[in-house]
Amino acid sequence: IFDERETHHMRVVRLKEGDVIEATDGKGFSYTCILESLKKKVATARIVKAEEKEKKSAEKLSVVVPIGRWERTRFLIEKCVELGVDEIFFHKFERSQHEISLDKTKIVVRESAKQCRRYLFPKVSFLEKLELSGNVITLDLDASQNLLDVNLEGSITVVVGPEGGFSEKERELLRSSTTVVSLGKKILRFETAAILTVGYIALKKQKI
């Protein structure tokens, strides 16, 4: 059963009853289906073949991102999906000035996954506190260590600060509990820094 959003897309691309389509549940499976009913707000199809295309990785790639302006946050979500990120956490840093709807982010995840043919959707959620464990990499312009020199073994979480930067309290907390690295001499926008870092790690770990 397809919801109103997917049904609308089917009507836009002029699908008709009897057509063969491919669907996914976002949990790693691909379903070959025959479209049986296409109404205004709902569509149904019969599954004729199911195949597992992607499996959960033992080594997760997660990213903690600030709640920024929607157009920039949307762009970042799209790229995280394409680059194989497993988890996207939204955190309201002290200098964050925006709000976000989790439902809107999930729609972007779905649309981006369809575009790049990803069958295992990343999880999206809010992170209330900066309490992180494991191999955590924080991006900070003033760091003395470069990303290229960091240990990338195991599961990795990348923390990206807001447009106005970390507060002193946040910087102190992250420096005491995570590996703080720099991406170079230039001041990058939060989405640029996140995409560059995630892309580098994803390529090294063969997630794309």
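Higher on the page you've got the structure.
Values in this document were obtained by computation on a predicted structure and should not be read as measured data.

Trainee: An account of the sheet that holds strand β1 (residues 20-24) is needed here, citing residue identities and associated values.
Mentor: Read from one edge of the open sheet, three strands run β1-β2-β3, paired in antiparallel fashion. Each edge of the open sheet carries a strand with a single partner, namely β1 and β3 (43-52). With direction set aside, neighbouring strand axes in the sheet form an average angle of 35°. Bridge count between β1 and strand β2 (residues 29-38): five bridges; the pairing is antiparallel. Bridge pairing links Glu 22 to Thr 32 in β2. Of the strands in this sheet, β1, β2 and β3 touch helix α1 (residues 4-12), which is tilted by about 75° from β2.

Trainee: Quick one: what's the story with the nonpolar core, residue by residue and with numbers?
Mentor: Nonpolar side chains tend to gather and get buried jointly when the protein is soluble and globular. Val 63, Ile 88, Phe 90 and Ile 137 are the most contacted members of the largest nonpolar core, which totals 32 residues. In this view, Ile 137 contacts Leu 147, Val 150, Leu 152, Ile 156, Thr 157, Val 158, Val 159, Thr 179, Val 181 and Ile 201; residues no more than four positions away in its chain are not counted.

Trainee: So what's going on with the sheet that holds strand β6 (residues 123-126)? Which residues, and what values?
Mentor: Sheet architecture is open: seven strands sit in the order β6-β5-β4-β9-β7-β10-β8, paired in parallel fashion. Only two strands of the sheet have a single neighbouring strand rather than two, namely β6 and β8 (145-146). Sitting on the sheet, helix α2 (residues 70-82) is in contact with β4 (61-66) and β5 (87-91), with an inclination near 160° to β5. Set on the sheet, helix α5 (residues 190-204) makes contact with β4, β7 (135-139) and β9 (156-159); between it and β4 the angle comes to about 175°.

Trainee: Describe α2, with residues and values.
Mentor: With 13 residues, α2 should reach 18 Å at 1.5 Å per residue; the first-to-last C-alpha distance of 18 Å fits that figure. Listing the buried residues of α2 in full gives Arg 72, Thr 73, Leu 76, Ile 77, Cys 80 and Val 81. Buried-residue contacts for α2 involve β4, β5, α3 (102-116) and α5.

Trainee: A description of the packing of α2 against α3 should follow, citing residues and the corresponding values.
Mentor: The interhelical angle for the contact between α2 and α3, taken along N-to-C directions, is 45°, at an axis separation of 9 Å. Judged by the inter-axis angle, α2 sits oblique to α3. Relative to α3, α2 is oriented so that their crossing is right-handed. Note on element contacts: α3 touches α2 through Lys 104, Thr 105, Val 108, Val 109, Glu 111, Ser 112, Ala 113, Gln 115 and Cys 116, opposite Trp 70, Arg 74, Ile 77, Glu 78, Val 81 and Glu 82. Grouping the amino acids of the contact of α2 with α3 by side-chain chemistry returns seven nonpolar, three polar and five charged.

Trainee: Explain the environment of Phe 89 residue by residue, including any values.
Mentor: Topologically, Phe 89 is positioned in strand β5. Looking at Phe 89, the relative accessible area reads 19%, which means it is buried.

Trainee: Which residues make up the pattern of salt bridges, and what values do they have?
Mentor: It is possible for side chains bearing opposite charge to pair when their charged atoms get close. If you walk through the whole model with that rule in mind, you get 20 salt bridges. Measuring nitrogen to oxygen at the nearest pair gives 2.7 Å for the salt bridge that ties Glu 59 to Lys 205. Residue Glu 59 is located in the loop between β3 and β4, and its partner Lys 205 is located in the segment after α5; the two are separated by 146 residues in the primary sequence. By relative accessible area, which is 36% here, Glu 59 ends up partly exposed. Among the charged side chains, a network of salt bridges with common partners joins Asp 3, Glu 6, Arg 110 and Lys 114.

Trainee: Explain helix α4 (residues 168-177) to me, and be specific about the residues and the numbers.
Mentor: Of all the positions in α4, only Glu 170, Arg 171 and Leu 174 are classed as buried. Looking down the long axis of α4, one finds its buried residues gathered within 100° of arc, a one-sided arrangement. Facing away from the buried side of α4, by more than 90 degrees, are the exposed residues Glu 168, Lys 169, Glu 172 and Ser 176.

Trainee: Give me the lowdown on unusual backbone geometry, citing residues and values where you can.
Mentor: A positive phi angle, near 60°, is found at Arg 14, a position not held by glycine. In this fold, Arg 14 is placed in the loop between α1 and β1. According to the relative accessible area criterion, Arg 14 is exposed, its value standing at 74%. Backbone geometry at Gln 206 places phi at a positive 55°, although glycine is not the residue there. Within the secondary structure, Gln 206 sits in the segment after α5. Overall, Gln 206 belongs to the exposed group, its relative accessible area being 71%.

Thresholds applied
- Sequence order as written defines residue numbering, which begins from 1 separately in each chain.
- Side-chain atom pairs in this predicted model are given and counted only at pLDDT of 80 or more, local residue features only at pLDDT of at least 70, and totals for whole chains, interfaces and linings cover all residues.
- As a convention, hydrogens and water are excluded, and side-chain values are obtained from all of the structure's heavy atoms.
- When DSSP finds two or more bridges between a pair of strands, those strands are recorded as paired.
- Elements are defined by DSSP. Helices are runs of H or I of four residues or more, strands are runs of E of two residues or more, and each kind is numbered from the N terminus.
- Comment: axis = line fitted to C-alpha atoms, over the contacting stretch for helices; angle = value between 0 and 180 degrees taken between N-to-C directions.
- For this analysis, residues touch if any pair of their heavy atoms sits within 4.5 Å.
- The set of buried Ala, Val, Leu, Ile, Met, Phe, Trp, Tyr and Cys residues whose side-chain atoms join them within 4.5 Å is what this entry labels a nonpolar core.
- Under the scheme applied here, a residue whose accessible area is under 20% of the maximum for its type counts as buried, over 50% as exposed, and between as partly exposed, the area being computed with a 1.4 Å probe on protein chains only.
- Expected span of a helix, by definition, is 1.5 Å for each gap between consecutive residues, and there is one gap fewer than residues.
- Orientation labels follow simple angle bins: below 35 degrees gives roughly parallel, above 145 gives roughly antiparallel, 65 to 115 gives roughly perpendicular, and whatever is left gives oblique.
- In this scheme the handedness of a crossing depends on how the near helix is turned from the far one: anticlockwise by less than a right angle means left-handed, clockwise means right-handed.
- Charged means Asp, Glu, Lys or Arg here, nonpolar means Ala, Val, Leu, Ile, Met, Phe, Trp, Tyr, Cys or Pro, and polar covers whatever is left, Gly included.
- Here, a salt bridge means any Lys or Arg side-chain nitrogen found within 4 Å of an Asp or Glu carboxyl oxygen.
- In this context, the arc is that of the directions from the helix axis out to the C-beta atoms.

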